[in-house]
Amino acid sequence: DGTELTAKPKRSFYAARDLYKYRHQYPNFKDLRYQNDLCNLRFYKNKIPFKPDGVYIEEVLNKWKGDYEKLEHNHTYIQWLFPLREQGLNFYAKELTTYEIEEFKKTKEAIRRFLLAYKMMLEFFGIKLIDKTGNVARAANWQERFQHLNESQHNYLRITRILKSLGELGYESFKSPLVKFILHEALVEDTIPNIKQSALEYFVYTIRDRRERRKLLRFAQQHYTPSEHFIWGPPRKQKLEGSKASKKPASPISLHSSYVSKHKKPKEPKNVLAGGSSAGKTAEEKKVELSKTREENEQDEKEMNCDAVRQNNSDADSGQLSRSEETHNPSDRKEDASQSKKDEKLTDCCESHLGTVDKDLCNTENSANNLPADPQDNPDRDVLSGGTATKTKDELK
């Protein structure tokens, strides 16, 4: 028992589902019964006895009142005294219907006896009804009855049924004072400590008004020990306020961080684009170099065409060119004058045939490249021109 008391309690799924159905989706038998089958109302009118005992309501209220042994050990009368729209342990008792509830509320005789039955059961628990609003207090025999109530836990099921029936038959306002009294005795006065689990699992959640439930839960939370074992909610107000206060300054920071993150994310594609642009520039440079090599190749081809046109159209020019080559052949053998004479051949060729070859191309080639004519002297020119320049100069020679 000691280990069970120190263990942290757990919420009952069955209790939560049962009380939720009671508050929201309670079974409602829409099929109306015959008038002579309103057994719950007829029992409270003292027309039929409850089954299987065969005792009328007047005998129960007069002779059973104060007989705590009979009220304790008999388990068939409670379903008749406090009927519900659900089946109980006594299968002879009938469920309430909406029509029967309306008729019950209209019958003063039934309402008077129902209140007398409620007072009788409160006295059995050691509680008394002090006014018409439902407020309760300790009865004269509360010490003896509280000790018995703390030990006989099957009476907790009876209290749950009584609370449900109060709400069904028009006494919803009587629930909250009774539950508040039980919580006070269990948590503050510690007279019935064993009932606090059932009070928090069942009694509180029979109340349909959410605000009343929250008031009772906050009261229980303030007096529950140990406080960290309170699991029935609502959460502590201080924690809620602290969390809200912490969230308020944190929200602009989070917004700023999200804003920064949003602006940081596009930077990655920008860097990628920048890298791509640099790669693009290198590619463009390569394209420019390739275009230059193509222009040089075209220029070499044009020079070859110049020579062909020159040889076909003008024999005199070809003769002069051959003479100049003959005159320059002995000078080619000389190492010092070979470079200058080869450059003169290219310039003379480009300048003598302006009609067929563009003079600008020749000038850009000579000025931009500024490379020696001999491929052995400049190997880079062989790589750029693809070896075409050497061939043309050899042909020119």
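As the structure is a computational prediction, the values presented were derived from the model and not from experiment.

Q: Would you mind going over the overall build of the protein chain with me for this structure?
A: Helix and strand content of the protein chain: 20 helices and 2 strands. Looking at the protein chain residue by residue over its 397 residues, the buried ones come to 37%. In the protein chain, the proportion of contacts linking residues at least 24 apart, taken out of those at least 6 apart, comes to 65%. For the protein chain, the computed accessible surface area is about 24,100 Å², with 52% contributed by carbon and sulfur atoms.

Q: I would appreciate a short explanation of the packing of aromatic side chains in the present structure.
A: Any pair of aromatic rings gets described here by the distance separating the centres and the angle formed by the planes. With the rule as written, the count across this model stands at 19 aromatic pairs. Between the aromatic rings of Tyr-44 and Phe-104, the centroid separation amounts to 5.2 Å while the plane-to-plane angle is 85°, which identifies the pairing as edge-to-face. Placement of the pair is Tyr-44 in helix H3 (residues 39-44) and Phe-104 in helix H7 (residues 98-106), with a sequence separation of 60 residues. As far as burial versus exposure is concerned, Tyr-44 and Phe-104 are alike and both buried. Geometrically, the ring pair formed by Phe-104 and Phe-114 is edge-to-face, given 6.2 Å between the ring centres and 85° between the ring planes. Taken as a pair, Phe-104 in helix H7 and Phe-114 in helix H8 (residues 108-125) lie far apart in primary sequence, 10 residues in all.

Q: Hey, could you run me through the side chain of Ser-176 in this one?
A: Residue position: Ser-176 is located in helix H11 (residues 175-188). On the basis of relative accessibility, which here comes to 17%, the residue Ser-176 falls in the buried class. Here Ser-176 is in contact with Ile-207, Glu-212 and Leu-216, once residues within four sequence places are set aside.

Q: Got a minute to help me understand the nonpolar core in this structure?
A: Among the nonpolar cores identified, the biggest contains 73 residues, and Leu-81, Leu-183 and Phe-203 are the most heavily contacted of them. For this core, the element with the highest residue contribution is H8, accounting for 10 residues. Beyond its immediate stretch of four places on either side in the chain, Phe-203 contacts Tyr-156, Ile-159, Thr-160, Leu-163, Val-179, Ile-182, Ile-195 and Ser-198.

Q: Just checking my understanding: could you explain the pattern of salt bridges for this structure?
A: Pairing between side chains of opposite charge can happen when their charged atoms approach one another. With the rule as written, the count across this model stands at 13 salt bridges. Two residues, Arg-138 and Glu-189, come together in a salt bridge whose shortest N-O distance is 3.9 Å. Here Glu-189 lies in the loop between H11 and helix H12 (196-203) and Arg-138 lies in strand S2 (residues 136-138), a separation of 51 residues in the sequence. Arg-138 sits in the partly exposed class, given a relative accessible area of 27%. The network of salt bridges with common partners includes Arg-85, Glu-168, Glu-172, Lys-175 and Arg-208.

Q: Mind showing me how you'd approach the packing of helix H10 (residues 154-168) against H12 here?
A: Contact pair H10 / H12: the axes reach a minimum separation of 11 Å and the direction vectors enclose 30°. Relative to H12, the element H10 lies roughly parallel. In terms of crossing hand, the pair formed by H10 and H12 is right-handed. Mapping the contact onto sequence places Tyr-156, Ile-159, Thr-160 and Leu-163 in H10 and Ser-198, Tyr-202 and Phe-203 in H12. When the residues that make up the contact of H10 with H12 are grouped by side-chain class, the tally is 5 nonpolar, 2 polar and no charged.

Q: Help me understand the side chain of Arg-158 in this model?
A: Secondary-structure assignment places Arg-158 in helix H10. For the buried Arg-158, no salt bridge exists, and the shortest N-O distance to an oppositely charged side chain is 4.7 Å, to Glu-72. The residues touching Arg-158, leaving out its near neighbours within four places in the chain, are Leu-71, Glu-72, Asn-74, His-75, Tyr-77, Ile-78 and Phe-124.

Q: Would you mind showing me how to read H7 here?
A: At 3.6 residues per turn, the α-helix brings residues three or four places apart onto the same side. Residues of H7 that are buried include every one of Glu-100, Ile-101 and Phe-104, and no others. Buried residues of H7 fall within an arc of 100° about the axis and therefore sit on the same side. Those residues of H7 that are buried lie in contact with H3, H8 and H10.

Q: So what exactly am I meant to see when it comes to H12 here?
A: Here H12 lies mainly inside the structure; 6 of its 8 residues are buried. Of all the positions in H12, only Ser-198, Ala-199, Leu-200, Glu-201, Tyr-202 and Phe-203 are classed as buried. The elements touched by buried residues of H12 are helix H2 (13-23), H10, H11 and helix H13 (210-223).

Rules and cut-offs
- Residues numbered from 1 in each chain as written.
- Predicted model: local features only at pLDDT ≥ 70, side-chain atom pairs only at ≥ 80, totals over all residues.
- Heavy atoms only, no water.
- Helix = DSSP H or I, 4+ residues; strand = E, 2+ residues; numbered from the N terminus.
- Buried < 20%, exposed > 50% of the residue type's maximum accessible area, 1.4 Å probe, protein only.
- Contact = heavy atoms within 4.5 Å.
- Areas by Shrake-Rupley, 256 points an atom, 1.4 Å probe, with all protein chains shown as cover.
- Phe/Tyr/Trp six-rings, centres within 6.5 Å; stacked < 30°, edge-to-face > 60°.
- Core = buried A, V, L, I, M, F, W, Y, C linked by side-chain atoms within 4.5 Å.
- Salt bridge = Lys/Arg side-chain N within 4 Å of Asp/Glu carboxyl O.
- Axes fitted to C-alpha atoms, helices over the stretch in contact; angles between N-to-C directions.
- Parallel < 35°, antiparallel > 145°, perpendicular 65-115°, else oblique.
- Left-handed = near helix turned anticlockwise from the far one by under 90°.
- Nonpolar A, V, L, I, M, F, W, Y, C, P; charged D, E, K, R; others polar.
- Lys, Arg positive; Asp, Glu negative; His and termini not counted.
- Arc of directions from axis to C-beta.

So yeah, pure geometry; function would need other evidence.
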